[in-house]
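# Residue-level structure breakdown
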Amino acid sequence: MPPDPDDLRRLGDLLSTRRFGRAHEHHETLSSTNDRAAAWARSGAPHGAVVTADAQTAGRGRRGRSWHSASRENLYASVIVRARAGGPGLGALGLAAAVGLCEGMPDVGVVLKWPNDLLVGGRKIGGILCEARWSGGVAEAVVGFGINVGTRSFPGPLAAIATSLASCMDAPLGRAELLARLLGGLEDAMEAFLHHGFAAVRERYVARCSMLGTTVALENGPGKRVEVLAEGLDPDGALRVRPPGGGPSWRVESSDVWLVEPPDPGRLTNGDTGLA
Ligand code: BTN
């Protein structure tokens, strides 16, 4: 019988990475691959270790949202990233991850929506949830990502805003082959980011971010919605916006890294500034 292209236990045979995915745990069902990866990280998993699941019972997204995690249809994965002491801050980790995943995706016209959504034709095909804690002065991060692969009909309000590879390719890749490609892209972007900071991947991000130069709606708290021109990215990955009619520009900071034990609370931004 030919190998099952969806069988994530075959990942090791398909990898071209140095470290990402070389340690791999696959589960049929988990509450969340991010939770299992965080526990594995605490018990010493190496940099680049990956947790996957066929289904999640409590898959979560940014800003407390749940993540549609139907069984065996899509990719649910979390990678453990260990930042070296004295390296760049992790504020733009999610943006760097978005670059890597976008570059690893098949050629279906994937673009980025700041800070780290992957879109095709204006609909969301993937999302990233980064969570980190500090252990002995070194950041231990989990980069979790969900990519919609096989779901053709999404429930409820997702029907209008989500898409999948099956909806945009005649013959979508199997999940194992897709994950091997994504880990290749992710390792490349992460190594650049961890050694040289966001500046090392900023141009790659900008080239793929379709919303720069356009007017977007910004939610600045409950019921506070403003239209702004997304002008560009600051060197640290913050979005620089300006009122469409002119006036001073301001920064919108990504809040997709939550630090459980922050070393310096003054440097953290945990405001809810999601773009609608
Ligand atoms: C978002 O766009 O809001 C982020 C979605 C991240 C979903 C993935 S699925 C694998 C990993 N485990 C989780 O519980 N969440 C991430």
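The structure this text deals with has already been given above.
Structural notes, computed from the coordinates. (Residues numbered from 1 in each chain as written. Predicted model: local features only at pLDDT ≥ 70, side-chain atom pairs only at ≥ 80, totals over all residues. Heavy atoms only, no water.)

What follows deals with the site of the ligand. Near the ligand, the surroundings consist of 20 residues, among which Ser32, Gln56, Arg60, Arg62 and Lys124 are the closest. Within the side chain of Thr33, a nitrogen or oxygen atom sits 3.1 Å from a nitrogen atom of the ligand. One of the side-chain nitrogen or oxygen atoms of Gln56 is found 2.9 Å away from a nitrogen atom of the ligand. Considering the ligand on its own, with 420 Å² of exposed area, one finds that the protein chains cover 97% of that surface. With respect to the detected pockets, the ligand is housed in the largest pocket. In terms of residue count, strand 6 (residues 123–135) provides more of the shell around the ligand than any other element does, 4 residues in total. (Near = heavy atom within 4 Å. Polar contact = N/O pair within 3.5 Å; in protein donor to acceptor, adjacent residues only side chain to side chain. Areas by Shrake-Rupley, 256 points an atom, 1.4 Å probe, with all protein chains shown as cover. 1 Å grid on protein atoms, 1.4 Å probe; cavity = no way out; pocket = protein on both sides within 12 Å on 5 of 7 lines; lining within 4 Å. Sits in = over half its atoms within 2 Å of the grid points. Helix = DSSP H or I, 4+ residues; strand = E, 2+ residues; numbered from the N terminus.)

The next point concerns unusual backbone geometry. Note that the residue after Trp114, namely Pro115, is joined by a cis bond; omega there is 0°. As for its placement among the helices and strands, Pro115 is situated in the loop between strand 4 (111–113) and strand 5 (117–120). Its identity as a non-glycine residue notwithstanding, Arg63 has a phi of 55°, on the positive side. With respect to the secondary-structure elements, Arg63 resides in the loop between strand 2 (50–56) and strand 3 (75–82). Taking the relative accessible area as the measure of exposure, Arg63 reaches 25% and is therefore partly exposed. Its identity is not glycine, yet Arg72 carries a phi of approximately 65°, on the positive side. Relative to the helices and strands, Arg72 is located in the loop between strand 2 and strand 3. Here Arg72 falls in the partly exposed class, since its relative accessible area comes to 40%. (Buried < 20%, exposed > 50% of the residue type's maximum accessible area, 1.4 Å probe, protein only.)

On to the nonpolar core. Side chains of nonpolar character tend, in soluble globular proteins, to be buried together. Core analysis: the biggest nonpolar cluster contains 66 residues, and Phe145, Leu183 and Tyr205 have the highest contact counts within it. Ranked by the residues each element gives to this core, the list is headed by helix 6 (residues 175–196), at 12 residues. Residues within four places of Tyr205 in sequence aside, it is in contact with Leu95, Ala98, Val99, Leu112, Lys113, Trp114, Pro115, Asn116, Phe198 and Leu233. Counting 10 residues, the second largest nonpolar core, distinct from the first, contains Leu30, Ala41, Ala45 and Val51. (Core = buried A, V, L, I, M, F, W, Y, C linked by side-chain atoms within 4.5 Å. Contact = heavy atoms within 4.5 Å.)

Right, let's get into the packing of helix 3 (residues 93–104) against helix 7 (residues 199–208). Packing of helix 3 against helix 7 brings their axes to within 9 Å, and their N-to-C directions diverge by 65°. Judged by the twist between their axes, the crossing of helix 3 over helix 7 is left-handed. Contacts between helix 3 and helix 7 pair Leu95, Ala96, Ala98, Val99, Cys102 and Glu103 from the former with Val201, Arg204, Tyr205 and Arg208 from the latter. Here the residues of the contact of helix 3 with helix 7 sort into 7 nonpolar, no polar and 3 charged. (Axes fitted to C-alpha atoms, helices over the stretch in contact; angles between N-to-C directions. Left-handed = near helix turned anticlockwise from the far one by under 90°. Nonpolar A, V, L, I, M, F, W, Y, C, P; charged D, E, K, R; others polar.)

This paragraph deals with the packing of aromatic side chains. Counting across every chain of the model gives 1 aromatic pair. Ring plane angle 65° and centroid distance 6.3 Å describe the contact between Phe198 and Tyr205, whose orientation is recorded as edge-to-face. For the pair formed by Phe198 and Tyr205, the shared burial category is buried. (Phe/Tyr/Trp six-rings, centres within 6.5 Å; stacked < 30°, edge-to-face > 60°.)

Another point: the environment of Ile128. Tracing the backbone shows Ile128 in strand 6. The exposure class of Ile128 is buried, given its relative accessible area of 3%. In this structure, the C-alpha to C-alpha distance between Ile128 and Gly87, residues 41 residues apart in sequence, is 22 Å. Apart from the residues lying within four places of it in its own chain, the contact partners of Ile128 are Arg62, Gly94, Ala97, Ala98, Leu101, Asn116, Leu118, Val143, Gly144 and Phe145.

Its location among the elements puts Thr29 in strand 1 (residues 24–30). Residue classification places Thr29 among the partly exposed positions, given a relative accessible area of 47%. Along the primary structure Thr29 and Phe198 are separated by 169 residues, whereas in three dimensions their C-alpha atoms are 34 Å apart. In this structure, Thr29 is in contact with Ala55 and Thr57, ignoring residues within four places of it in sequence.

Keep in mind that these numbers describe shape and distance, not what the molecule does.
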